[in-house]
Amino acid sequence: MDKLQINGGAQLDGSIRISGAKNAALPILMSTLLAEGTTSIGNVPHLNDVTTTLELLGILGNSMTLDEKMTVQVDTSTIHSFEAPYELVKTMRASILVLGPLLARFGQADVSLPGGCAIGSRPVDLHIKGMQAMGADIDVIDGYVRARAPEGLKGARIFMDTVSVTGTENILMAATLAKGTSIIENAAREPEVVDLANCLIGMGAKISGAGTDIITVEGVDKLKGCHHDVLPDRIETGTYLVAAAITGGKVKLRDTNPDILEAVLLKLEEAGAEIKTGKGIIELDMKGKRPKAVDITTAPYPGFPTDMQAQFTALNAIAEGTGVIRETIFENRFMHVSEMQRMGADITIQGNAAISKGVTQLSGAQVMATDLRASASLVLSGLVAGGETIVDRIYHIDRGYECIEEKLQLMGASIRRMS
Ligand SMILES: CC(=O)N[C@H]1[C@@H](OP(=O)(O)OP(=O)(O)OC[C@H]2O[C@@H](n3ccc(=O)[nH]c3=O)[C@H](O)[C@@H]2O)O[C@H](CO)[C@@H](O)[C@@H]1O
Ligand SMILES: C=C(OP(=O)(O)O)C(=O)O
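Since this is a predicted model, take the numbers as computed values, not measurements.

1. Here's the deal with the site of ligand 1
Neighbouring ligand 1 are 20 residues; N23, L126, S164, V165 and T166 lie closest to it. At the level of elements, α1 (22-31), α5 (125-133) and α6 (165-176) are the ones that each hand at least two residues to the shell around ligand 1. Here the shell around ligand 1 is built from residues that sort into eight nonpolar, eight polar and four charged. In this structure, the shell around ligand 1 is formed jointly by two domains, domain 1 (3-19 + 232-418) and domain 2 (22-229), each of which donates at least three residues.

Put into structure tokens, the structure is as follows:
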């Protein structure tokens, strides 16, 4: 199993390119199931979750090509299966996103339940309720969501009890081919939902309100292939900004989008970073200073993203002062804390809060990654720790960070992959 070996202490300084967003690429690749003919998706990040998605699309019978620039072409004319098997779904929760497209276009879908995962229970009841409101017959049998709509889906008014990103995306995709109008209320406003909606509009869907909490969809008879480029990854962007800040260094990030990262940029400024933004560019300079601890409460967009919580826990661990981080989205998303404590961090968990008294120095240790962003936070901790840190089980990191060690090396970090 691959590991990352880090020798901490370098003040990072460099310029790197940000990849396409995992959380936009996955739903957008799934959305190609809705379109007749071939859809072409550009700026797809080279990630394990993308490989899993392409495998899943392949099992369903799609023909695919991929060029060296990671533009993926999906031709749906050969689809012959409507089942997403457990073996694939268990490795990637986003597999549930085949439910809406398959049901809307083919009237049937059998999708294994993704189950719980390290960060919380993560049910899919809202996805199922939404499809049922559109007239689908759904049973959960033998760990599979078995959904049927032989006469097609009907537009409906759907209120999401909790703001759910993939729940909104699944229902949005299903609604594009439903008969009549659908209104999704309390919809997720994440930029990745907007990117998916833009791709669907390119296919001919009639959608308004994406990016607000009420999305309206007028169903159409069919969608056709289009070209769409995936938006930049705001979580990858935020992770490299924290990498520079935590080491007192500086970084210039290219091909990113500062407009979708406001909550994170404000917290970095509060921590003492100087930030300049331009079109597609974010520059951060910490000027050799130790960061100041910040208080954070995670919330749906435009609030502070839960996917950046672990990285800021690492920042607070070595910051000046005490910082309180409250996690409000997932009930078990502090798995990185016990590993950081092994590196000398002074963090206490009280309910859904991680209270961190910044220490002046962490010490390198052998640590275990438990989930994607926890892994990233341990790499960040390793960058400032004295001596050597080994991060084990980095298959989690490869789900969501393209070439993480190469990118950190470009910023001057001493990091290498070992098996
Ligand atoms: C592939 C993808 O885009 N993943 C992101 C997506 O996950 P994902 O879409 O799975 O997360 P949700 O937005 O659905 O989860 C938000 C909350 O709603 C709850 N819930 C969700 C669905 C449901 O049917 N019932 C229910 O109770 C969840 O348990 C959680 O407490 O949004 C999360 C929250 O921003 C991010 O951390 C993930 O990186
Ligand atoms: C939790 C995440 O991803 P997923 O929903 O794919 O597990 C994440 O990207 O941090």
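2. With respect to the packing of helix α11 (residues 335-342) against helix α12 (residues 372-384)
Angle between the axes and distance between the axes are the two parameters that describe a pair of packed helices. Contact geometry for α11 and α12: axes closest at 9 Å, N-to-C directions at 20 degrees. By the angle between their axes, α11 is roughly parallel relative to α12. Between α11 and α12 the crossing geometry is right-handed. Every residue of α12 that contacts α11 at M335, H336, E339 and M340 is listed here: A374, S377, L378 and S381.

3. Focus on the environment of N23
Mapped onto the elements of the fold, N23 is located in helix α1. Between the C-alpha atoms of N23 and D233, which are 210 residues apart in sequence, the distance is 7.9 Å.

4. Description of the sheet that holds strand β10 (residues 144-148)
Spatial ordering of the open sheet is given by β7-β8-β10-β9, a layout of four strands whose pairing is mixed. The open sheet terminates on both sides in strands that have one partner only, identified here as β7 (83-84) and β9 (137-141). Looking at chain direction, strand β8 (residues 108-112) and β10 are connected through five bridges and run antiparallel. Across the sheet, S112 pairs through a bridge with Y144, a residue of β10.

5. A look at unusual backbone geometry
Where the residue is not glycine, phi is negative for most of them; where a peptide bond is considered, it is trans in most cases. Cis geometry is found at the peptide bond from Y301 to P302, where omega equals 10 degrees. Structurally, P302 can be placed in the loop between β20 (296-297) and α10 (309-317). A positive phi angle is found at R122, which is not glycine, with a value near 50 degrees. Residue position: R122 is located in the loop between β8 and α5.

6. Regarding the site of ligand 2
Lining the immediate environment of ligand 2, one finds N23, R93, A94, D307, L372, R373 and G400. Split by residue class, the shell around ligand 2 holds two nonpolar, two polar and three charged. Composition of the shell around ligand 2 by domain shows at least three residues from each of domain 1 (3-19 + 232-418) and domain 2 (22-229).

7. With respect to the domain arrangement of the protein
The domains assigned to the protein are domain 1 (3-19 + 232-418) and domain 2 (22-229). Domain 1 puts 19 residues into the contact, and the matching count from domain 2 is 14 residues. With four residues, helix α13 (residues 395-400) is the largest single contributor of residues to the side of domain 1 that touches domain 2.

Scoring rules and cut-offs
- Residues numbered from 1 in each chain as written.
- Chains lettered and ligands numbered in written order.
- Predicted model: local features only at pLDDT ≥ 70, side-chain atom pairs only at ≥ 80, totals over all residues.
- Near = placed C-beta within 6 Å.
- Helix = DSSP H or I, 4+ residues; strand = E, 2+ residues; numbered from the N terminus.
- Nonpolar A, V, L, I, M, F, W, Y, C, P; charged D, E, K, R; others polar.
- Domains from an automatic or database assignment.
- Axes fitted to C-alpha atoms, helices over the stretch in contact; angles between N-to-C directions.
- Parallel < 35°, antiparallel > 145°, perpendicular 65-115°, else oblique.
- Left-handed = near helix turned anticlockwise from the far one by under 90°.
- Contact = placed C-beta atoms within 7 Å.
- Pairing = 2+ DSSP bridges.

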